Amino acid sequence: MNQTELLQEAKKARSFAKAKYSEYKVGAALYCENGKVIHGCNVESKAYPTTMCAERVAIFSAISQGIKNFKSIAVITKDGATPCGSCRQVIYEYAGDIPVYIGDLNGNEYCIQMSELLPNPFL
Ligand code: THU
């Protein structure tokens with residue numbers, strides 16, 4: 001599963017996003033050591049703070065399936081945003097210093113390590 005392939009998976013997940021308040025859809029795809037790809041999309045709630053980000057949906061979903069080891073994660077948005085602070089903490093905590101593939105809807109993509117996104121993590 002390479003960068004472009006995993007971003008394609010994230011794009012599929014993004015199509016399921018529930019983002020009627022922000023209209024900002026996010027898709028994530030987590031590549032696991034066992035070869036599985038776990039998807040996540042943001043799910044917004046009318047009680048705004050109860051919204052959950054795509055990246056954490058993917059991580060929590062994988063953990064809830066008993067999956068513990070991760071190779072990489074892809075995140076796609078319309079403009080290539082990077083994960084928020086809360087997601088950086090959770091990704092680092094459960095997946096470690098993995099590569100993060102960032103993509104946008106124009107086909108731009110790049111890779112950045114978790115340790116660059118979150119130096120000096122709280123672990
Ligand atoms: N969002 C994510 O899914 N991931 C992030 O890392 C940042 C923000 C979502 C939350 C909300 O549904 C929308 O994007 C706008 O903030």
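Just above, that's the structure.
**Here's the deal with the sheet that holds strand β2 (residues 37–41)**
- Reading across the sheet, the five strands line up as β2-β1-β3-β4-β5 and stay open at both edges, with mixed pairing between neighbours. Unpaired on one side and paired on the other, β2 and β5 (109–113) mark the two borders of the sheet. Averaged over all adjacent pairs, the angle separating strand axes in this sheet is 20°, with direction ignored.
- With five bridges connecting them, strand β1 (residues 27–32) and β2 associate as antiparallel partners. Looking across to β2, one finds that glycine 27 is bridged to cysteine 41.
- Sheet strands touched by helix α1 (residues 3–14): β1, β2, β3 (70–76), β4 (99–103) and β5. Its angle to β3, the strand with the most contacts, is close to 55°.

**Concerning the nonpolar core**
- By size, the foremost hydrophobic cluster in this structure holds 25 residues, and its most contacted members are Leu30, Phe70, Ile91, Val100 and Met114.
- Among the elements that line this core, the one with the most residues is helix α3 (residues 85–95), at five residues.
- Apart from the residues lying within four places of it in its own chain, the contact partners of isoleucine 91 are Glu55, Ile59, Ile73, Pro83, Gly96, Ile98 and Met114.

**Quick notes on the pattern of salt bridges**
- Inspection of every chain in the model, using the stated rule, returns one salt bridge.
- Note that glutamate 9 is salt-bridged to lysine 12, the shortest N-O span being 3.1 Å. Taken together, the residues span about one helical turn, with glutamate 9 and lysine 12 both in helix α1 at a distance of three residues.
- A relative accessible area of 47% means that lysine 12 is categorised as partly exposed.

About the criteria used
- Residues numbered from 1 in each chain as written.
- Predicted model: local features only at pLDDT ≥ 70, side-chain atom pairs only at ≥ 80, totals over all residues.
- Heavy atoms only, no water.
- Pairing = 2+ DSSP bridges.
- Helix = DSSP H or I, 4+ residues; strand = E, 2+ residues; numbered from the N terminus.
- Axes fitted to C-alpha atoms, helices over the stretch in contact; angles between N-to-C directions.
- Contact = heavy atoms within 4.5 Å.
- Core = buried A, V, L, I, M, F, W, Y, C linked by side-chain atoms within 4.5 Å.
- Buried < 20%, exposed > 50% of the residue type's maximum accessible area, 1.4 Å probe, protein only.
- Salt bridge = Lys/Arg side-chain N within 4 Å of Asp/Glu carboxyl O.

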